[in-house]
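# Architecture at a glance
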Amino acid sequence: NGPAKGGIRWGPTMKDMIKSSSSSPTVAIVFAYASLLRWLTPKTITASGIKDTSKNIFCGWLDTATDGGDDNNEPTTTTYADGLQYNLSEGWYTFKCNCFLLDDGKATNLATALASIVSTDDNNDVIVAARQPSAYVSVVRQYLVCPNGGNLGEVVESNSSSSSRRSLDELACAISTVLARMIAGDSITGLLQEYSTLWTQPMNILMDTTPSASSSSSAPLHFRPYCPIPSTSRLLLSNDDDDFKKTPTTTTIRTHEEMTAVVYSEVACAKITDVHTHLFPPSHGPTLSLWGIDELLTYHYLVAEYFTTSAPTMSPTDFYINLTKPQQADLIWKALFIDRLPVSEACRGVLTTLCKLGLYQAVRDRDLDAIRTFYRDSYQSRGTEGALEFSNRIFEQEAGVDHVVMTNIPFDATEAAQWQQHKAANDPHYKSALRVDPLLTGDVETVNASLRMGGYEPTLDGAKKYLHDWCELIQPEYMMASTPHDFVLKESDMPAAAAASSSLNPDALMEPGAFATAAAAATACPPGEEAMSSLVDENCDLLTQVLMPVCQERQLALALKIGAHRGINPNLKSAGDGLAVEVDLQILARLCRSYPKVKFLATVLSRTHQQEACVLASKFSNLHLYGCWWFCNTPSMIADITTMRIELLGPSAFTAQHSDARVLDQLIYKWSHSRAVVAKVLATEFGKLLDHGNDDDGSGCWQVTRAQVRRDVQRLLGGSYHEFMKKKLY
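Residues numbered from 1 in each chain as written. Predicted model: local features only at pLDDT ≥ 70, side-chain atom pairs only at ≥ 80, totals over all residues. Heavy atoms only, no water.

This next bit is on the overall build of the protein chain. Scanning the protein chain from N- to C-terminus turns up 29 helices and 19 strands. Counting over 730 residues, the protein chain shows a buried share of 54%. Within the protein chain, counting contacts between residues at least 6 apart in sequence, those at least 24 apart form 75% of the total. In the form shown here, the protein chain has an accessible surface area of approximately 31,100 Å², with 51% of it arising from carbon and sulfur atoms. (Helix = DSSP H or I, 4+ residues; strand = E, 2+ residues; numbered from the N terminus. Buried < 20%, exposed > 50% of the residue type's maximum accessible area, 1.4 Å probe, protein only. Contact = heavy atoms within 4.5 Å. Areas by Shrake-Rupley, 256 points an atom, 1.4 Å probe, with all protein chains shown as cover.)

Next comes the structure, spelled out in structure tokens:
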């Protein structure tokens with residue numbers, strides 16, 4: 001009656017727990033179920049003399065001893081009165097299984113069903129191909145509801161709640177994870193040690209796959225702080241691993257269903273490097289370090305959306321000048337969340353964030369005051385200490401981001417003062433990048449003011465020293481700039497043409513827009529509103545004589561964000577920027593070609609230019625594409641762009657996404673939404689490898705392991721960025 005032990009011993013307790021919303025099955029009970037099913041998994045179903053079909057007798061195998069205990073094992077087979085046997089030295093035992101599962105009206109012995117999941121080698125009598133956890137879920141679930149098995153059938157009866165049925169599905173998924181690890185060869189004693197601090201944790205931390213992992217492309221895929229398949233698990237082995245050669249048990253992914261489950265799990269567990277944000281550490285103070293519900297609601301995406309629907313009596317001037325931040329947030333909450341369905345990506349992101357923080361009831365009640373109370377009482381009332389605690393929670397528990405790269409502007413007096421006061425962020429979650437837009441836009445007024453304020457000479461050498469000193473202060477990951485919408489860089493702008501000039505004219509620096517005026521005239525920019533457009537050409541020294549030499553000397557990459565049209569509606573301030581379609585992406589080719597030892601990171605704003613950017617990245621080893629920026633940071637755009645990049649560049653030549661977050665809380669939704677889209681794309685693209693011919697057992701001729709999926713998922717979510725930044729250019 002071994003199979004029935006699950007129903008007899010644990011069934012009553014499990015029914016109560018599953019039906020109760022106040023408690024959840026724990027890691028301990030999951031381990032118990034998995035151990036029972038591991039015992040009932042046959043080593044073989046064909047070896048004659050060991051299995052008796054008529055009596056439902058099967059042969060199981062014992063874990064290889066790891067503590068030297070084999071020396072005392074009995075050398076012979078021991079037989080019980082009922083004929084069941086064991087042999088410790090040979091590592092096998094026989095068992096009886098009278099539990100029959102019903103699947104579409106067909107009865108199958110539980111042991112036979114478990115054995116059919118794995119492949120066996122009849123000659124050597126060993127399992128040679130274990131499976132990923134998702135392959136076991138169906139059989140485990142059938143066992144749980146079987147009357148002479150887990151006996152939890154009433155949980156899935158028609159009158160049971162949907163939450164009870166979901167809990168049963170989650171229990172089956174969690175058990176399957178541990179069972180798959182046991183069958184793959186992860187020792188039970190090792191698992192006991194691994195779970196020693198987790199016994200009372202809820203079962204869902206062990207779910208490698210979820211019941212609805214890919215059922216809805218719109219469902220957020222949240223970060224999972226605990227990875228149920230550690231790097232030491234044999235589920236990651238392939239036949240190329242030395243450990244595999246000692247105990248041959250392959251765990252290659254065999255079906256599209258397995259691939260989908262593995263990809264979703266790996267994407268959910270991956271720690272992310274967010275290569276571009278506008279975030280600041282709590283040490284920089286509330287003016288720069290933005291977080292909380294009012295900051296979320298007054299994010300410039302939502303401000304722009306609000307003004308598409310606002311009453312004509314509310315002007316941008318009234319909104320920005322006459323209203324406090326909470327009053328602005330109140331208007332946006334009512335207009336976009338109460339009076340309309342909040343279905344835009346920015347609105348839905350607020351809901352995802354609040355729910356992930358546990359504010360389900362406040363969201364259901366549309367209670368903005370309750371949401372504010374949560375932030376105030378939990379964190380904001382404790383000042384910087386509360387801000388730091390909230391920051392750590394977002395990074396380590398909610399968003400799964402290892403660190404972000406900030407956008408640090410030395411030409412901004414407020415930010416410069418913070419850096420000079422704090423020297424460095426001293427927070428491993430925040431790394432810096434030095435933003436140098438004025439050097440590209442010809443904003444000589446800003447450059448000159450910054451140099452004079454810092455006590456630097458208004459010369460090229462003074463500008464270079466200014467950049468070098470800021471690099472020493474903040475230790476940036478890279479230099480960066482957002483190019484203006486009419487950015488031009490001709491071949492004549494390259495080093496050979498620019499070498500004739502060696503210094504800036506101090507008098508010219510005193511004239512605002514001097515370089516922009518010269519550039520506009522040189523390129524016949526049409527008169528009128530755009531006559532002062534910023535152009536970089538042979539008349540401008542700042543790019544070739546300041547920025548690029550500093551990048552070369554410090555071996556710093558230059559990140560370019562291409563395609564924004566700033567201030568198309570200046571009344572909306574930061575919400576008034578738009579999209580430029582007429583941009584010349586060949587500037588990337590010219591820069592990469594002219595500076596082969598400088599690394600360039602690039603992201604483009606227009607959907608129109610994504611393919612051209614991919615092609616350029618395939619031609620220059622010093623160019624790396626990253627993320628889906630700004631207006632491309634929506635699920636449909638992320639899916640299309642990531643698919644194209646995978647098809648053109650493979651999984652290691654670009655970084656799939658960056659958040660561009662300006663409010664700390666946004667890391668939750670921007671990454672939960674992006675993880676879901678990236679996982680769906682990768683499941684499809686990686687799954688194509690399974691279709692290249694099939695062996696008799698159903699596996700493709702190009703076998704894919706979980707370790708390979710994990711490696712490439714981690715590359716796409718930050719690893720390829722680190723590889724690119726570390727590589728040497730010749």
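Further remarks concern the packing of helix α1 (residues 5–19) against helix α5 (residues 162–184). Contact pair α1 / α5: the axes reach a minimum separation of 8 Å and the direction vectors enclose 125°. In terms of axis orientation, α1 runs oblique to α5. Of α5, the residues touching α1 (which contributes Met-14, Ile-18 and Lys-19) are Ser-164, Ser-167, Leu-168 and Leu-171. Split by residue class, the contact of α1 with α5 holds four nonpolar, two polar and one charged. (Axes fitted to C-alpha atoms, helices over the stretch in contact; angles between N-to-C directions. Parallel < 35°, antiparallel > 145°, perpendicular 65-115°, else oblique. Nonpolar A, V, L, I, M, F, W, Y, C, P; charged D, E, K, R; others polar.)

As a packed pair, helix α2 (residues 27–39) and α5 sit with axes 8 Å apart at the nearest point and diverge in direction by 50°. Of the possible angle classes, the one that applies to α2 and α5 is oblique. In terms of crossing hand, the pair formed by α2 and α5 is right-handed. Counted together, Val-30, Phe-31, Tyr-33, Ala-34, Ser-35, Leu-37 and Arg-38 of α2 and Leu-171, Ala-174, Ile-175, Val-178, Leu-179, Met-182 and Ile-183 of α5 form the full contact between these two elements. In the contact of α2 with α5, the residues fall into twelve nonpolar, one polar and one charged. (Left-handed = near helix turned anticlockwise from the far one by under 90°.)

Turning our eyes to something else, we now look at the packing of aromatic side chains. According to the stated counting rule, one finds 25 aromatic pairs in the structure shown. Centroid distance Tyr-306 to Phe-307: 5.1 Å. Interplanar angle 70°. Geometry classified as edge-to-face. Across the pair, exposure class does not vary: Tyr-306 and Phe-307 are buried alike. An angle of 75° between the planes, with centres 5.3 Å apart, marks the rings of Phe-307 and Phe-319 as edge-to-face. Linking Phe-307 in helix α10 (residues 300–307) with Phe-319 in helix α11 (residues 316–322), this pair joins segments that are twelve residues apart in sequence. Classification of Phe-319 by relative accessible area gives buried; the value is 0%. One aromatic cluster in this structure is built from Trp-291, Phe-374, Tyr-375, Tyr-379 and Phe-390. Arg-38 extends its terminal NZ or CZ atom over the ring of Trp-61, reaching a point 3.8 Å from the ring centre. (Phe/Tyr/Trp six-rings, centres within 6.5 Å; stacked < 30°, edge-to-face > 60°. Lys NZ or Arg CZ within 6 Å of the ring centre and 35° of its normal.)

Here we have four strands laid out as an open sheet, ordered β1-β4-β3-β2, and antiparallel in their pairing. On the outer flanks of this sheet lie β1 (57–61) and β2 (78–79), each paired with one strand and no other. Inspection of the sheet shows β2 paired to strand β3 (residues 85–87) by two bridges, in the antiparallel sense. Opposite Thr-78, over in β3, you have Tyr-86 as the bridge partner. (Pairing = 2+ DSSP bridges.)

Right, let's get into the sheet that holds strand β14 (residues 557–562). Pairing is parallel in the open sheet, where six strands are placed in the order β12-β13-β14-β17-β18-β19. Edge positions in the sheet fall to β12 (434–435) and β19 (654–655), since each of these pairs with one other strand and no more. Looking at chain direction, strand β18 (residues 623–626) and β19 are connected through two bridges and run parallel. Paired with Leu-625 across the two strands is Phe-654, which belongs to β19. Along the sheet, helix α26 (residues 610–619) contacts β17 (600–604) and β18; its crossing angle with β18, the most-contacted strand, is approximately 145°.

Moving on, we come to helix α20 (residues 460–474). For α20, which comprises 15 residues, the first-to-last C-alpha distance of 21 Å matches the rise-based estimate of 21 Å (1.5 Å per residue) to within 8%. Within α20, burial applies to Leu-460, Gly-462, Ala-463, Lys-464, Tyr-466, Leu-467, His-468, Trp-470, Cys-471 and Ile-474. In the stretch just after α20, Gln-475 is the one whose phi turns positive, near 50°. (Expected span 1.5 Å × (residues − 1).)

This part takes up a nonpolar patch on the surface. There is a patch of nonpolar side chains on the surface, built from Leu-579, Val-581 and Phe-631 and spanning about 230 Å² of accessible area. Since its relative accessible area comes to 40%, Leu-579 is described here as partly exposed. (Patch = residues over 30% accessible without salt bridge, like charges linked within 9 Å, V, L, I, M, F, W, Y side chains within 5 Å. Salt bridge = Lys/Arg side-chain N within 4 Å of Asp/Glu carboxyl O.)

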